[in-house]
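# Report on the structure
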Amino acid sequence: MFALTNVMRDYPWGSSTAIAELLGKEPSGGPEAELWMGAHPDSPSVAATPDGPMPLDRLIAEHPESTLGSGVHAAFGAKLPFLAKLLAADKALSLQVHPTLERARERFADEEAAGVPRDAAHRNYKDANHKPEMILALTPFEALCGFRPCAESAALFRAVGTAIAASGAEVPALLGAVEMALNSRMAEPMVVRRAFEALLGGGDETTALVELAASALADGGAAVASAASGLPANALSSLETVVDLAAQYPGDAGVLVSLLLNRVSLQPGESIYLPAGNIHAYLKGLGLEVMASSDNVMRGGLTGKHVDVPELLETVDFAPSGVPVVPTRTTDLDQHMWEPPFAEFSLQRVEISADSDPVPLVQNGPLLVLAVSGSVLLDSPRGDMALSRGGSVFVPAAENPVMVHPHVDAAHSDGPAVVFAVTVAG
Ligand SMILES: [Zn+2]
């Protein structure tokens, strides 16, 4: 087993305290947005080996059979298939979508052939992999995820019109165009696409509509418009989200695109998964995100960064969908499992108190373990390691099975210990 040192990303939307509080560390003072745990070449974790520190991607590339196991090595190559991140959002991340594996391979090769520098602002594909992902809420967690049914979106845009009219302003033509698109009789994915394109391609008209809508919905305007339009109670949070997002990203088309999307509030322990093509944005909260090891993101708003609209339109799945919830399954051995329909990963949580029997970790090839509370002893036939809150470990496939034992030390003696572990899907 190898203790890990992980890389923190300081994106400006990050909370300056949430990750440090969870892990019991000193905050840096700046934003601490994402702690990357894995072997993505852009920010690999560093493993403490007997020969000194070594980036995890290199350790795996040099010893793929022992670190990944032959099955995972054969299926995914000499690379760790998954990447885990602690993600702490104080404000919204960009509205985004991830490509299919086929598209990522094709378009990455195109950009390489065209000589687009990997770090260019307009570069879309950082690697040749897809990025299916899941997020597990560790605090109440707010998100936008996938398109909602058109009738719901139409009702929300109608309420925006009501609020603007009530404020005494003239209702802009663009709002009428979006409503007309949403009420048309075409197939739903085409309807959604028309409305999405109208907002994204509206230029100054969109900017003006965002500002007008946000000011009309502020200061109780959302509640009045929602009641006047006879909307269901849960619609109010969608209208209020417009006000919140407009304060964070003034004039950004993504502010109104949010009304086309499912508005999701997760409680701690709840999880959703995001397949290729699902447009989503994380709005606020602390979560554990697990994904295929990729950084391929197409942005669609709520960002100052490059938005490649044609590429975005090719990548987004416009079919309205329900919210893709990942159910929690508790095994006979008291492991809590989240198993989204992706080959690259599954997530588990094990909680153990001082007098508990040891619990085995589910392991399919490599295993990454993070302690968020208390202290445990990880024990395998090849060796053992104490792991305390904030610590993380990479367990090679060859070290199997791993048992989690309670481990009481003077510094970490309060309450049960909790570890999360990521392995390849079984
Ligand atoms: Zn994403």
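Please refer to the structure higher up on the page.
First things first, this report covers the structure right here in the doc. Since the structure is predicted, the reported quantities are computational estimates derived from the model, not experimental observations.

## Focus: the packing of aromatic side chains
Under the counting rule described, the total for this entry stands at seven aromatic pairs. With 5.3 Å between their ring centres and 70° between their planes, F196 and F318 make a pair best called edge-to-face. Of the two residues, F196 is situated in helix 8 (residues 188-200) and F318 in the loop between helix 13 (309-315) and strand 14 (328-330); the sequence distance between them amounts to 122 residues. The burial state of F196 is the same as that of F318; both residues are buried. When the centroid spacing of 5.8 Å and the interplanar angle of 50° are considered together, the rings of F342 and F345 count as tilted. When sorted by exposure, F342 lands in the same class as F345, which is buried. Put simply, the rings of F147, F196 and F318 pair up and form one aromatic cluster. The cationic tip of R9 hangs over the ring face of W36; the distance from NZ or CZ to the ring centre is 4.0 Å.

## Observations regarding the coordination of the zinc ion
The zinc ion binds to the protein through Q96 (OE1), H98 (NE2), E133 (OE) and H280 (NE2); the donor distances cover 2.1 to 2.5 Å. Mapped onto the sequence, the residues coordinating the zinc ion show the spacing Q-x1-H-x34-E-x146-H. With Q96 in strand 7 (residues 95-97) and E133 in strand 8 (residues 133-137), the pair connects residues that are 37 residues apart, well separated along the chain. With relative accessibility at 0%, the residue E133 sits in the buried group.

## Description of unusual backbone geometry
Going from N400 to P401, the amide bond is cis rather than trans, its omega being 0°. Here L302, not a glycine, exhibits a phi torsion of approximately 50°, which is positive. Structurally, L302 is set in the loop between strand 13 (298-301) and helix 13. Positive phi outside glycine occurs at D334, with the angle close to 70°. Tracing the chain through its elements places D334 in the loop between strand 14 and strand 15 (336-338). Judged by relative accessible area, which is 46%, D334 ranks as partly exposed.

## Let's talk about the environment of F2
Mapped onto the elements, F2 comes out in strand 1 (residues 2-5). The sequence separation of F2 and M54 amounts to 52 residues, and the corresponding C-alpha distance is 10.0 Å. Discounting chain neighbours no more than four positions away, the residues touching F2 are A47, A48, T49, P50, L59, M385, S392, V393, F394 and P396.

## Some details on the side chain of R9
Its place among the elements puts R9 in strand 2 (residues 7-9). With no salt bridge to any partner, buried R9 finds its closest opposite charge in D295, at an N-O distance of 4.7 Å. One polar contact links R9 to Y11, side chain to side chain, over a distance of 2.5 Å.

## Structural notes on the pairing of strand 4 (residues 46-49)
Taking every second residue as pointing to the same face, the buried face of strand 4 carries A47 and T49, while none of V46 and A48 on the other face is buried. In this structure, strand 1 lies alongside strand 4, joined through two bridges in antiparallel fashion. In the strand pairing of strand 4, L4 is matched with A47. Here four bridges tie strand 4 to strand 5 (residues 52-55), and the two strands are oriented antiparallel to one another. If you follow A47 over to strand 5, its bridge partner there is M54. In textbook terms, the turn of a hairpin is the stretch between consecutive antiparallel strands, and for strand 4 and strand 5 this stretch comprises two residues.

## Thoughts on the pattern of salt bridges
Tallied over the entire structure, the rule returns 15 salt bridges. In this structure, E197 and R193 form a salt bridge, with 3.5 Å as the shortest nitrogen-oxygen distance. In this pair, E197 and R193 are both assigned in helix 8, four residues apart and thus about one turn of the helix distant. Relative accessible area serves as the criterion here: at 32%, E197 is assigned to the partly exposed category.

## Describing the sheet that holds strand 4
Note on sheets: strands pair through backbone hydrogen bonds, and any given pair is parallel or antiparallel. Within the open sheet, the nine strands sit side by side as 5-4-1-21-18-23-16-15-14. Their pairing is antiparallel. Edge positions in the sheet fall to strand 5 and strand 14, since each has one partner strand and no second. Here the average twist between neighbouring strands, direction ignored, is 30°. Of the pairings in the sheet, the one linking strand 1 to strand 21 (residues 392-395) comprises two bridges and is antiparallel in character. In the strand pairing of strand 21, F2 is matched with F394.

## Things to note about the nonpolar core
In terms of nonpolar packing, the biggest core is built from 59 residues, with F147, F157, F196, L239 and L256 touching the most fellow members. Considering each element in turn, this core owes the most residues, nine residues, to helix 6 (residues 150-166).

## Concerning the environment of S375
Relative to the helices and strands, S375 resides in strand 19 (residues 375-380). A distance of 3.0 Å separates polar atoms of two side chains, one belonging to S375 and the other to S388.

What counts as what
Residue positions within a chain follow its written sequence, with the count starting from 1. Where local features are concerned, this predicted model is filtered to residues with pLDDT of at least 70; where side-chain atom pairs are given and counted, the filter is 80 or more; whole-chain, interface and lining totals use all residues. Here the side-chain values reflect all heavy atoms present in the structure, with hydrogen atoms and water set aside. Two rings from Phe, Tyr or Trp (for Trp, the six-membered ring) form a pair when their centres are within 6.5 Å of each other. A pair whose planes differ by under 30 degrees is stacked, one over 60 is edge-to-face, and the rest are tilted. In this text, helices come from DSSP runs of H or I with a minimum length of four residues, and strands from runs of E with a minimum of two, each type numbered from the N-terminal end. Working definition: with a 1.4 Å probe on protein chains only, accessible area under 20% of the residue-type maximum means buried, over 50% means exposed, and in between means partly exposed. Two conditions define a charge located above a ring, namely a distance within 6 Å from the ring centre to NZ of Lys or CZ of Arg, and an angle within 35 degrees of the ring normal. Note: metal donors comprise N, O and S atoms at 2.8 Å or less from the metal (3.2 Å for Na, K and Ca); water molecules are not included, so apparent gaps in a site are possible. Throughout, a contact is declared for two residues whenever any of their heavy atoms are within 4.5 Å. In this tally, Lys and Arg are treated as positive and Asp and Glu as negative; His is ignored, and so are the chain termini. By salt bridge we mean one thing: a side-chain nitrogen of Lys or Arg within 4 Å of a carboxyl oxygen of Asp or Glu. A 3.5 Å cut-off defines polar contacts: any pair of N or O atoms within that distance qualifies, except that in protein one atom must be a possible hydrogen donor and the other a possible acceptor, and neighbouring residues in sequence count only when both atoms are side-chain atoms. Strand pairing follows a simple DSSP-based rule, namely that at least 2 bridges must link the two strands. Lines fitted to C-alpha atoms define the axes, with helix axes restricted to the stretch in contact, and inter-axis angles between N-to-C directions lie between 0 and 180 degrees. What is meant by a nonpolar core is a set of buried Ala, Val, Leu, Ile, Met, Phe, Trp, Tyr and Cys residues, joined one to another through side-chain atoms within 4.5 Å.

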